[in-house]
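Read off the chains here:
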Amino acid sequence: MNKIAVGAVVGAISCTFALEAAATEWNVSVWGKRRAFTEHVEKLAELVSEKTNGEFTMNISYGGLSKNRENLDGISIGAFEMAQFCAGYHRDKNRVITVLELPFLGVENLEQEVAVSSAVYAHPAAAEEMAQWNARLLMTSPMPQYNLVGTGEPKTSLADFEGMRVRATGGIGNAFAAVGGVPTSVTATEAYQAMESGVVDTVAFAQHAHLSFGTINQAEWWTANLNPGTVNCPVVVNIDAYDSLSDDHKAALDSSVSEALDHYLANYGELLERWDSVLEEKGVQKVELDDSVIAEFRAAAADPIRDQWIADMEAQGLPGQELYDLVVKTLADAKGGS
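So, how was this worked out
In every chain, residue numbers begin from 1 and rise along the written sequence. Reporting of local features is limited, given that this is a predicted model, to residues whose pLDDT is at least 70; pairs of side-chain atoms are given and counted only at 80 or more, and all residues count toward the totals for whole chains, interfaces and linings. To obtain the side-chain values, all non-hydrogen atoms of the structure were included, while hydrogens and water were left out. Labels follow the DSSP assignment, with helices taken as runs of H or I lasting at least four residues and strands as runs of E lasting at least two, numbered in each case from the N terminus. As a reference, a globule follows 2.2 Å times the number of residues to the power 0.38, and the radius of gyration itself is taken over C-alpha atoms. Whether two residues touch is decided by their heavy atoms; if any such pair falls within 4.5 Å, the residues are in contact. For the accessible areas, the method is Shrake-Rupley and the probe is 1.4 Å, while residue cover comes only from the protein chains on display. Asp and Glu count as negative and Lys and Arg as positive, but His and the ends of the chain are not part of the count. Charge coordinates come from a single atom per side chain, which is NZ of Lys, CZ of Arg, CG of Asp or CD of Glu. Of the grid points, spaced at 1 Å and generated over the protein atoms alone, those admitting a 1.4 Å probe that cannot get out make up cavities, while open sets with protein on both sides within 12 Å along at least five of seven lines make up pockets; any residue with an atom within 4 Å of a point is treated as lining. Grid points are joined across faces, edges and corners, and a volume is the space filled by probe spheres set on the points. Only Asp, Glu, Lys and Arg are considered charged in this grouping, and only Ala, Val, Leu, Ile, Met, Phe, Trp, Tyr, Cys and Pro are considered nonpolar; every other residue, Gly among them, is considered polar. If DSSP finds at least two bridges between two strands, the strands pair. Only the stretch in contact is used when a helix axis is fitted, and all axes are lines through C-alpha atoms; the angle between N-to-C directions ranges over 0 to 180 degrees. Classification of residues uses two cut-offs on accessible area relative to the type maximum, computed with a 1.4 Å probe and protein chains only: under 20% is buried, over 50% is exposed, and between them is partly exposed. A helix's residues, less one, multiplied by 1.5 Å, set its expected span. The bend at a residue is defined as the angle formed between two axes, one fitted to the seven residues ending at that residue and one fitted to the seven starting there. Here, a salt bridge means any side-chain nitrogen of Lys or Arg that lies within 4 Å of a carboxyl oxygen of Asp or Glu. Angles are sorted into four bins: roughly parallel if under 35 degrees, roughly antiparallel if over 145, roughly perpendicular if 65 to 115, and oblique for all others.

Help me understand the overall build of the protein, please; the structure alone is not making it clear to me.
Assigned secondary structure in the protein consists of 13 helices and 11 strands. Expected size for 338 residues packed as a compact globule is a radius of gyration near 20 Å; at 22 Å, the protein falls within 12% of this value. In the protein, the proportion of contacts linking residues at least 24 apart, taken out of those at least 6 apart, comes to 77%. Accessible area of the protein: about 14600 Å², with a carbon and sulfur share of 49%. One finds the centroid of the 23 positive side-chain charges in the protein at a distance of 3 Å from the centroid of its 47 negative side-chain charges.

So this is what it looks like as structure tokens:
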């Protein structure tokens, strides 16, 4: 009887240890507040928990674990297991993916943005560079083409960009600099204050960010069709954390990426559908620039910035031309299939 009892206790303890060993809890660092930009992260956490019967959970922190510019550093030292960041916050650390921030690439919708980002993320050069930070690229955070909100007289000609103080990062910032603008790369969370204090008079964001960070509340006008480009913001996981997952948990994570992105696209689509009513509600003038102005902007910014980017990458031993060609081909294929 005692042997049976002891055996039962040992069996119960062993079972408990096995259950504990099977449980996985990840911390995820994002910033701001829950919004369209983070919906795929939220959905990913939900799906992974469902597929593992609650054994693999993610605690999503909005600014509680790290500042947005320090998320990649946090991943590199294992401070948390998953994070979101934007390439423009530290271009020297993620040079490869900045090809996706070149101005006037011609991306027309979020599905095409997913296609070109996924292609670049899968390139060996991208994986190798991210591995230097102990990071594995998991999925993109696709955003529409950026446009400006501003105060004062609307910018309707290329001459109006001369001296314009604009919050813009990455390739978009370079594009405005090419036509006389003065870009500043304050973070998204600092943009409202920069606009309110007059540090900048215009802010380049996607629609969700103008809403989430309040810049639309400062705005008097919005450029509906400037579309100079967008920023690229990956979600990455710590390589050691990923490699330590059980096969089942790894499969649950990997298989949930496309579902999470589908949810993101559907959710963002709803936001875009109601954008005009948001502008009307807030009394923001919708500005349509002439095609000739946009053509001037593209001529001044697209080719020279692209050529310089390729030359800079090649000089650093990175396949700049190959990466750019990959984007062009992937985009052509995506448009052909749409």
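Now that the structure has been shown, we can carry on.
Just checking my understanding: could you explain empty space enclosed by the protein for this structure?
It is the rolling of a water-molecule-sized probe over the atoms that shows where space remains empty. Here the structure, examined in full by the defined rule, presents 1 cavity of 30 Å³ or more. Of the volumes computed, that of the largest cavity is approximately 130 Å³. Around the largest cavity sit 17 residues that line it, and Cys86, Tyr89, Tyr146, Ala188 and Val231 are the ones nearest its centre. Grouping the amino acids of the lining of the largest cavity by side-chain chemistry returns 12 nonpolar, 3 polar and 2 charged.

Would you mind showing me how to read the sheet that holds strand 9 (residues 221-223) here?
Spatial strand order, 7-6-8-5-9-11: 6 strands in an open sheet with mixed pairing. Every other strand in the sheet has two partners, leaving strand 7 (182-184) and strand 11 (285-287) as the edge strands with one partner each. Recorded for the sheet is a direction-independent mean angle of 25° between the axes of neighbouring strands. Summarising the sheet, strand 9 and strand 11 pair through 3 bridges and their orientation is parallel. Bridge assignment links Thr223 to a residue of strand 11, and that residue is Val287.

So what exactly am I meant to see when it comes to the environment of Val257 here?
Considering the arrangement of structural elements, one finds Val257 in helix 10 (residues 247-273). You can call Val257 buried: its relative accessible area is 12%. Separated by 69 residues in sequence, Val257 and Ala188 have C-alpha atoms that sit 25 Å apart. Setting aside chain neighbours within four positions, we find Val257 in contact with Leu44, Leu138 and Met139.

It is not clear to me how helix 10 should be interpreted in this structure. Could you clarify?
Because each turn of an α-helix spans 3.6 residues, side chains separated by three or four positions end up pointing in the same direction. Under the 1.5 Å per step criterion, the end-to-end length of helix 10 is 40 Å for 27 residues, consistent within 8% with the ideal 39 Å. Maximal helix bending in helix 10 amounts to about 35°, located at Val257. Residues His249, Ala252, Leu253, Ser256, Val257, Ala260, Leu261, Tyr264, Leu265, Tyr268 and Leu271 constitute the buried set of helix 10.

Any chance you could explain the pattern of salt bridges here in plain terms?
Close approach of charged atoms lets side chains of opposite charge pair. One pass over the full model with this rule turns up 13 salt bridges. The partner of Arg306 in a salt bridge is Asp307, with the nearest N and O atoms 3.1 Å apart. A single salt-bridge network, built from bridges that share partners, covers Arg34, Glu39 and Glu42.

When you look at helix 2 (residues 39-51) in this model, what are you seeing that I'm missing?
Spanning 13 residues, helix 2 covers 18 Å between terminal C-alpha atoms, matching the ideal 18 Å at 1.5 Å per step. By the burial criterion, the buried members of helix 2 are Glu39, His40, Val41, Glu42, Leu44, Ala45, Leu47 and Val48. Contacts from the buried residues of helix 2 go to strand 1 (24-30), strand 2 (56-62), strand 3 (82-84), strand 4 (135-139), strand 10 (235-238) and helix 10. Of the residues one or two after helix 2, Asn53 is the one with positive phi, at around 55°.

Can you walk me through the packing of helix 12 (residues 291-315) against helix 13 (residues 320-336) in this structure?
The relative placement of two packed helices comes down to the angle between their axes together with the axis-to-axis distance. The contact between helix 12 and helix 13 brings their axes to 7 Å, and the two run at 135°. On the basis of the axis angle, helix 12 is oblique to helix 13. Contact residues: helix 12 offers Arg306, Trp309, Ile310, Met313 and Glu314, while helix 13 offers Gly320, Gln321, Leu323 and Tyr324.

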